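A look at the structure
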Amino acid sequence: MTATPAWPPQSAPRLHVETQLGEGVTVQVDGNPAHYLISVMRMKPDDIVLLFDGRSGEWAARVRDMRKRDLVLECVRQTRPLDDVPDFWLCCAPIKKGRIDLIAEKACELGVARLQPVLTRRAVVDKLKLDRLHAHLVEAAEQCGRTALPELGALIKLDSLLRDWPQDRWLFFADESGGEALAATLAAHPGPAAFLIGPEGGFDPTEREAIRALPKAVPVSLGPRILRAETAAIAATSAWMTINGDWGE
């Protein structure tokens, strides 16, 4: 007996689009995504592409019309609902180009709900290209299967972050001067949370005092070794997802 082929095909490419998706909705694809589907993936009429818009879950769409430089996709069936990602924010100081891009990519893969860049006194970078970071979030979501993109906040100063901090959200921060044991502290503080990672030079004494003064701030240790900022961000997020996130589901 011949096995029924999987549908949608497991090899179907995934693509993020801005158009809100739904049954029968058509999406025109051009530019680099169209080149990828037409010239790299060699898509043909009636082939399936998986689409997501960050609002409507994932949809299987068939190739309806195809030209040399663009194509039209028609949504056929919803394949997955919108992700219910854990309520976790990653707040981090901007660092050099390739390394902040890595943080964005891994934050998306690990399940972060919001990526919030935070300007601190010792940061060596004081500007960010948010469109480039957004592109890395999109690419990571396409590859890892997320249907909900992480929110990307604009770069804000640390004092603004602390001033407007939500009263119902824990703020764990990696304090190189000393903090509580990570695993036990995370387990003792369930609920909406964020992790604050400083720059290469760490927080200065005034910043550390201001963070510790926040009622929801919890200083933690990331172990006996000095971690690079991107390593600390990935390690902290992984630890939270293991203890309070969706890795045990």
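All of the points below concern the structure found in this document.

Rules used in this analysis
Residues numbered from 1 in each chain as written. Predicted model: local features only at pLDDT ≥ 70, side-chain atom pairs only at ≥ 80, totals over all residues. Heavy atoms only, no water. Pairing = 2+ DSSP bridges. Helix = DSSP H or I, 4+ residues; strand = E, 2+ residues; numbered from the N terminus. Axes fitted to C-alpha atoms, helices over the stretch in contact; angles between N-to-C directions. Contact = heavy atoms within 4.5 Å. Phe/Tyr/Trp six-rings, centres within 6.5 Å; stacked < 30°, edge-to-face > 60°. Buried < 20%, exposed > 50% of the residue type's maximum accessible area, 1.4 Å probe, protein only. Arc of directions from axis to C-beta.

Overview of the sheet that holds strand E1 (residues 14-16)
Read across the sheet, 5 strands follow the order E1-E3-E4-E5-E2 without closing on themselves; strand pairing throughout is mixed. The open sheet has two free edges, formed respectively by E1 and strand E2 (26-29), since each of these has just one partner strand. The mean angle between the axes of side-by-side strands here comes to 40°, regardless of whether they run parallel or antiparallel. For strand E4 (residues 58-66) and strand E5 (residues 71-80), the ladder comprises 8 bridges, and the chain directions are antiparallel. Within E5, the residue paired with Glu58 across the bridge is Arg80. Packed on one face of the sheet, helix H3 (residues 130-144) meets E1 and strand E3 (48-52) and runs near 150° to E1.

Here's the deal with the packing of aromatic side chains
Under the definition given, this model contains 4 aromatic pairs. A centroid spacing of 6.0 Å and a plane angle of 35° characterise the contact between Phe172 and Phe195, whose relative ring orientation is tilted. Here Phe195 lies in strand E11 (residues 193-197) and Phe172 lies in strand E10 (residues 170-174), a separation of 23 residues in the sequence. The same class applies to Phe172 and to Phe195, which are both buried. On the basis of an interplanar angle of 75° and a centroid distance of 6.2 Å, the ring pair of Phe173 and Phe203 is categorised as edge-to-face. With Phe173 in strand E10 and Phe203 in the loop between E11 and helix H6 (205-213), this residue pair connects regions lying 30 residues apart in the sequence. According to the relative accessible area criterion, Phe203 is buried, its value standing at 0%.

A look at helix H1 (residues 31-40)
Buried within H1 are the following residues: Ala34, Leu37 and Ile38. The arc that holds the buried residues of H1, viewed along the axis, is 85°, so those residues lie on one side. Elements in contact with the buried residues of H1: E1, E2, E3 and E5. Positive backbone phi, at 55°, marks Arg42, one or two positions downstream of H1.

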